[in-house]
Amino acid sequence: MPTEPGRPGPAGGADRSGGADPAGGVEAAGGAEAAGPGAAGGAGPVGGPAPAGGSARVLLVVALGGGLGGLARYAFAGLGTAGTIAVNVLGSALIGVLMVLVPRLHPLARPFLGVGVLGGFTTFSAYALDAVRLGGLRAAAYLLAVVVLAVAATALGAAVTRRVLR
Amino acid sequence: MTVLLVFAGSALGAVARYLTDRFVRGRTRATFPWGTLAVNVVGSLLLGCVAGADPAWAASVGTGFCGGLSTYSTFSHETVRLLEDGRHGQALVNVAANLGAGVAAAAVGCLLTR
């Protein structure tokens, strides 16, 4: 089974026995990655956050953050498509801010806030279903407009945060 | 009650997304974000399937699990990361693949359960 350097144990398999993972390893892995965000391919993003290993502690904060993010998204549910646009653009702006801040934060900040809260807050599935319901040219316009807004929001969030920190 | 279903579904979806991404990253050296594409397509298919279901299913599986499993913020972040790294082609393919496959999956889900 291939393992990734800097990560304790094989992915997946280690997750089930994750409870046995020494906490120190998790912190070390998280810290190492936090020190060099954007380093290699493994410097994955927040969804792929793999800062820390698959320990029970990380799974717990991902679950808690995901639940809270989902509830926050649910508050926008009554707005329909406008709500989907709002959570996705807002969440994308915040991920830009967070990823610049992550190296300065606690190792669990990325799994909790990035993977959990923001991952649970934003949604791709509702966006895709919105497009199916709109259909035709309106769907195309909606898909493109949101993706442009979201990517711009992430880039802007990161740029503003870098500037403020400088 | 609905709030609890949404919370539990989202929590489970987020954990499934995290484990999927770790699994994919552990097996490929590619810079392309395959893990996020996978969860977005599966989440869209599943949401299409429960789109017309009764409120409890729609809340727990649709709003909860599918919303927690799929993600826009990570998709957006990964696209920006690819652009910053000068991988413009991959960024474009990432957007096209997520939008194309995600919408197609949602449409298939709706058709399957109509």
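Counting restarts for each chain: residues are numbered from 1 in the order of the written sequence. Whichever chain is written first becomes A and whichever ligand is written first becomes 1, with later ones labelled in order. Reporting of local features is limited, given that this is a predicted model, to residues whose pLDDT is at least 70; pairs of side-chain atoms are given and counted only at 80 or more, and all residues count toward the totals for whole chains, interfaces and linings. No hydrogens and no water enter the side-chain calculation; it runs on all heavy atoms of the structure.

Chain B carries the name Fluoride-specific ion channel FluC in an unreviewed UniProt entry, which gives Saccharothrix australiensis as its organism. The heading Sequence similarities (unreviewed entry) in the UniProt record of chain B holds the text "Belongs to the fluoride channel Fluc/FEX (TC 1.A.43) family." UniProt positions are given in the numbering used here, feature names are shortened, and annotations may be inferred rather than shown by experiment. What UniProt states about chain B under its Function (unreviewed entry) heading is, verbatim, "Fluoride-specific ion channel. Important for reducing fluoride concentration in the cell, thus reducing its toxicity."

You'll find chain A entered in an unreviewed UniProt entry as Fluoride-specific ion channel FluC, with Saccharothrix australiensis given as the organism. According to the UniProt record, the Subcellular location (unreviewed entry) comment for chain A reads "Cell membrane". Under the Sequence similarities (unreviewed entry) heading, UniProt states for chain A: "Belongs to the fluoride channel Fluc/FEX (TC 1.A.43) family."

> Residues and numbers for helix α4 (residues 81-101) of chain A, please.
Going along the chain from the N terminus, every DSSP run of H or I of four or more residues is numbered as a helix, and every run of E of two or more is numbered as a strand. Under the convention used throughout, the expected extent of a helix is 1.5 Å for every residue step, that is, one less than its residue count. For α4 of chain A, which comprises 21 residues, the first-to-last C-alpha distance of 30 Å matches the rise-based estimate of 30 Å (1.5 Å per residue) to within 8%. All of the buried residues in α4 of chain A are Gly83, Thr84, Val87, Asn88, Val89, Gly91, Ser92, Ile95, Gly96, Leu98, Met99 and Val100 of chain A. Every residue pair with non-hydrogen atoms within 4.5 Å of one another is taken to be in contact. Turning to α4 of chain A, the residues buried within the fold contact α3 (56-74), α5 (109-121), α6 (125-134) and α7 (136-165) of chain A together with α4 (73-84) of chain B. Throughout this description, buried means an accessible area under 20% of the type-specific maximum (1.4 Å probe, protein chains only), exposed means over 50%, and partly exposed covers the range between.

> Can you explain the confidence of the model for chain A? Please cite residues and give values.
On a scale of 0 to 100, pLDDT captures the predictor's confidence in every residue. Residues of chain A with pLDDT of at least 70 account for 67%, and the chain-wide mean is 78. This model gives residues 1-52 of chain A a pLDDT under 50, and the stretch forms 101 contacts once residues within four places in sequence are excluded.

> Tell me what's going on with the interface of chain B and chain A, and back it up with residues and numbers.
It is common to give the size of an interface as the accessible area lost on bringing the parts into contact. Each side of the interface is counted separately: chain B has 51 residues, and chain A has 64 residues. Roughly 4,500 Å² of surface becomes buried between chain B and chain A when both sides are summed, with 67% attributable to carbon and sulfur atoms. By buried area we mean how much accessible surface two parts lose on assembly, using a 1.4 Å probe and totalling the loss over both. Broken down residue by residue, the surface that chain B buries against chain A is led by Tyr18, Arg22 and Tyr72 of chain B, which jointly contribute 19%. Only one rule defines a salt bridge in this text: a Lys or Arg side-chain nitrogen within 4 Å of an Asp or Glu carboxyl oxygen. At the boundary of chain B and chain A, one finds one salt bridge. A salt bridge links Arg162 of chain A to Glu84 of chain B, with the nearest nitrogen and oxygen atoms 3.7 Å apart. Whenever two N or O atoms come within 3.5 Å, that pair is a polar contact, provided that in protein one can donate a hydrogen and the other can accept it, and provided that, for residues adjacent in sequence, both atoms are side-chain atoms. Our count for the chain B to chain A interface comes out at 16 residue pairs in polar contact (both at pLDDT 80 or more). Of all the secondary structure elements, the ones that give two or more residues to the side of chain B that touches chain A are α1 (2-25), α2 (34-50), α3 (55-69), α4 and α5 (88-113) of chain B. Examining the composition of the side of chain B that touches chain A, we find that 15 residues originate from one element, α1 of chain B, more than from any other. Note on residue classes: Ala, Val, Leu, Ile, Met, Phe, Trp, Tyr, Cys and Pro are nonpolar, Asp, Glu, Lys and Arg are charged, and everything else, Gly too, is polar. Its residues assigned to classes, the side of chain B that touches chain A shows 22 nonpolar, 20 polar and nine charged.

> For the layout of surface pockets, give the residues involved together with the corresponding values.
Estimated volume of the largest pocket: approximately 450 Å³. Secondary structure elements with two or more residues in the lining of the largest pocket: α3, α4 and α6 of chain A together with α2 and α3 of chain B. No other element matches α6 of chain A, which puts five residues into the lining of the largest pocket. Its residues assigned to classes, the lining of the largest pocket comprises ten nonpolar, nine polar and three charged. In this analysis, the protein atoms alone were mapped onto a 1 Å grid. Cavities are point sets where a 1.4 Å probe fits without being able to get out; pockets are open sets with protein on both sides within 12 Å along at least five of seven lines; lining residues have an atom within 4 Å of a point. Grid points are joined across faces, edges and corners, and a volume is the space filled by probe spheres set on the points.

> Could you give an account of the UniProt feature "transmembrane region" (unreviewed entry) in chain A, with specific residues and numbers?
Residue and element names in this part refer to chain A. Summarizing the sequence annotation, UniProt attributes the feature "transmembrane region" (unreviewed entry) to residues 82-101, 108-127 and 139-160 in the numbering used throughout. With 80% helix and 0% strand, residues 108-127 has its two end C-alpha atoms placed 29 Å apart. Summarising residues 139-160: 100% helix, 0% strand, and an end-to-end C-alpha distance of 31 Å.

> Report on the UniProt feature "binding site: Na(+)" (unreviewed entry) in chain B, specifying residues and quantitative values.
Here, the residues flagged by UniProt with the feature "binding site: Na(+)" (unreviewed entry) are Gly67 and Ser70 of chain B. Here the residues from the annotation list that line the largest pocket are Gly67 of chain B. Contact partners of Gly67 of chain B, with chain neighbours within four places excluded, come to Arg73, Gly119, Gly120, Thr122, Thr123 and Ser125 of chain A together with Gly62 of chain B. Residue placement: Ser70 of chain B occurs in the loop between α3 and α4. The exposure class of Ser70 of chain B is buried, given its relative accessible area of 0%.

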